[in-house]
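Chain by chain, the residues:
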Amino acid sequence: MKTLWKIIISHVQYRNQILQLAKTDLIKTYRGALLSWGWAILKPAITIGVYYFAFTVGLRTGKPIKGYPYFLWLISGFIPWFYISAMYTGGAYSLHKYAFLVKKIKFPVCCVPMIVALSNMIVHLALTLLMIIIFIAMGAPITIYLAQLPFYWLLMLMMGVAWGLFSGQVTAVSKDFYQLVRSSFTALMWLSGIFYQISTIKGTALRFILRLNPVTYLIDGFRYCFIDHIWFWEEPLSLLRFMLVYLLFVFLGVKIYSRTEKTITDVL
Amino acid sequence: MTEEHEVVIQFRNVTKTFDLFKNDKQRLKSLLFRNTNARKKVAIDNLSFDIRQGEAVAILGKNGAGKSTMLKMISGVTFPTVGSVRVTGRVSALLEVSGGFDPELSGRENIYFRGELLGISRDELKEMEPDIVAFSELGSYIDMPIRTYSSGMKSKLGFSINANIRPDIIIVDEALSVGDKDFRAKCRRRITEILNSGVTFLFVTHSTAEAKNFCKRGLVIREGKLVFDGDIKDAAAFYEKMHV
C-alpha cells in the first residue's frame, strides 16, 4: 500500500517531465523517416488492408455485422488493438528502453511505463479520430454511444501502465519473459475477438474463458461505442472481470516494485 | 568562528550491498520470494559524513573503492540498502558525462531534454541555451542526432550542459579528461568560476595534484569505508601513503 502511494506521488511530482518525455518519445518514433508522421497512419492502414483483403477476398467471409459493413466492424476492433499491442510489447520493454535515462538522471523508474502509455495514447487518439471520419465518410451512423469513448481510453491507459510496471520489471530480470511476451503476441491478437465475435462462439465455458481476457473487454467496448450501441454499465460483470485482472497486475507490479525499487537501476 | 553553512549533502550510516545472483532464474525468484541465497557484495560500508553548502570536496579512492556508487546515490540514481542520504538542491553530475543523452535527439534537443528532466523550466533553458552551445564548440553539429557524435563530442556537450545549468551541487567524476588540451583548460577555468560563485563542489579523481588545485577538503574512501576526512593536503598525503 505504501509503495502504491509512493508511485502515485511520483507521478504527480514528475507530471511535467512525464508529459515532456512522452512528447519526445512520440517525436523520436516518427522523425527522420521521409513520410515521418504519415507512418503513424500508414502502418496501421497497411495492416488493416491486408486483413481486410484476406477476409473479404480470400476467405470470402466478412459479411456486414449489425448493419455495418465488415470493414467498419473490423477497424473498430483493430484501432484499439494497435494501442493494446503497442503497450503489450512496448510496456514490457519500457524500462529497458529508458534505462539510459534512469541510470544517469534522477527519475523514478515507476513513472517510465506512463511515458510509453501516453505517447502511444496520442497516436491512438489520432487514429480514433480518423476512424470516426471514415465512419462518417462511409455514411455509417455515429451515435451518442461514442460519448463513452473516454471511459475506454482511461481503462486502456490504466491497464497499459499497470501491465508496463509489472512486465517491465520482470523483463528487467528475465529475458525469457520478454521472449514469451513477443511470441505470444500473435496468439493474443487472434484470441481477443478482433476478427470474429466472441458472442457467436459455441460453448459457454469457452466464451467465458475468452472473455476473461482484458483485451477482449476493451475491443468489445470499442464495438459497443461504434457498432453494438451498448453502454458500459449495461455489462457490469464484464467490467468487474476486467477490473479484477487490472487489480491483479497492479498488485503484482507494486509488490515487485516494493522489492526492487532500490535496486532496479543497478540491474537494468 | 566562521559562519556555518547549511548541510546540503548528508550521509548517515549508509550501506549499499549488491545482490549477486548466480543466474537470471535466481533473480526472477527474488522478485516474488524473499530468497536470500544471493551472494552479497558490500560496495559502501557504513558511511557517514556531511558536506556543507559552498564546500569544495575531493573524493579520493582507488578503482572499486565505492566512489561511483556514492556519487550515484548523491545524484539520486541509486539508493542505499541501509541508512539515509539527504541531498538539498539541484545536483548536476558529471558522471560519465556522455551518458544520459537520448541518441536519437539532436544535441540541442538534448539540452532541453536533460534540462527539463532536472526540473528547469523551458524559459530558463532558452536563456541558457546559447551559453551551452557556445561552450560546447560543436558548431553546426549541435543540430545533428547524438548518435552521430564522437565520444569526445558527447563529453564536450555533457560538460557544457552540466556546467551551465547553474546547479547548487556539481559533481565532477574525472571529467577533466574531457576533450583536447584546450577544452580541458577551458573546463578548468569554468570550474574555478563555478567554485567562486559558492556552488558546492564534489570532485572525484585519482590525481591528488588536481584535487589540491580545486578543493579544500578531502575524503579518502577505501573498500567502501571512509578512512580519512580532513584538509585536502593531509588527505592527499594519506592517499599517497595508502598506495605504497
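Residues numbered from 1 in each chain as written. Chains lettered and ligands numbered in written order. Predicted model: local features only at pLDDT ≥ 70, side-chain atom pairs only at ≥ 80, totals over all residues. Heavy atoms only, no water.

### Some thoughts on the overall build of chain A
Test applied: A run of H or I in DSSP counts as a helix once it spans at least four residues, and a run of E counts as a strand once it spans at least two, with each numbered from the N terminus. Radius of gyration: C-alpha atoms only; globule rule: 2.2 Å multiplied by the number of residues to the exponent 0.38. Contacts between residues were defined by any pair of non-hydrogen atoms, one from each residue, lying within 4.5 Å. Accessible surface area values rest on a Shrake-Rupley calculation with a 1.4 Å probe, where residue burial reflects the displayed protein chains alone.
Secondary structure assignment for chain A yields 13 helices and zero strands. Ordered by position in the sequence, the α and β elements of chain A form the string α-α-α-α-α-α-α-α-α-α-α-α-α. In terms of overall dimensions, chain A is globule-like: its C-alpha atoms have a radius of gyration of 19 Å, near the 18 Å expected for 268 residues. Taking as baseline every contact in chain A between residues at least 6 positions apart, the subset at least 24 positions apart corresponds to 79%. Carbon and sulfur atoms make up 71% of the accessible area of chain A, which totals about 12700 Å².

### Points about the environment of Lys63(A)
Residue and element names in this part refer to chain A. Keep this limit in mind: When accessible area is computed with a 1.4 Å probe and restricted to protein chains, residues below 20% of their type maximum are described as buried, those above 50% as exposed, and intermediate ones as partly exposed.
Looking at where Lys63 falls in the secondary structure, it is placed in the loop between α3 (38-58) and α4 (70-97). Here Lys63 falls in the exposed class, since its relative accessible area comes to 59%. Considered as a pair, Lys63 and Ile48 are 15 residues apart in the sequence and their alpha carbons are 16 Å apart.

### Remarks on the packing of aromatic side chains
All names here are of chain A. Where we set the bar: Each Phe, Tyr or Trp ring, with Trp reduced to its six-membered ring, pairs with another whose centre is within 6.5 Å; inter-plane angles below 30 degrees give stacked pairs, above 60 give edge-to-face pairs, and intermediate values give tilted ones. Charge-over-ring placement is defined geometrically: NZ (Lys) or CZ (Arg) within 6 Å of the ring centre, and within 35 degrees of the ring normal.
Evaluated as defined, the whole model comprises 34 aromatic pairs over all chains. Relative to Phe232, the ring of Phe151 has its centre 3.7 Å away and its plane inclined at 15°; by these criteria the two rings are stacked. Taken together, the positions of Phe151 in helix α7 (residues 149-173) and Phe232 in the loop between α11 (214-228) and α12 (236-260) put the pair 81 residues apart, joining distant regions of the chain. A residue is classified by how much of its surface remains accessible, and Phe232, at 19% relative accessible area, is buried. Aromatic side chains Trp190 and Phe195 sit 4.3 Å apart centroid to centroid with 35° between the ring planes, which places their arrangement in the tilted category. Grouping aromatic residues by their ring pairs yields a cluster made of Tyr145, Phe151, Tyr152, Tyr217, Trp231, Phe232, Trp233 and Phe242. One residue, Arg223, lies across the ring of Trp73, its end atom 3.5 Å from the ring centre.

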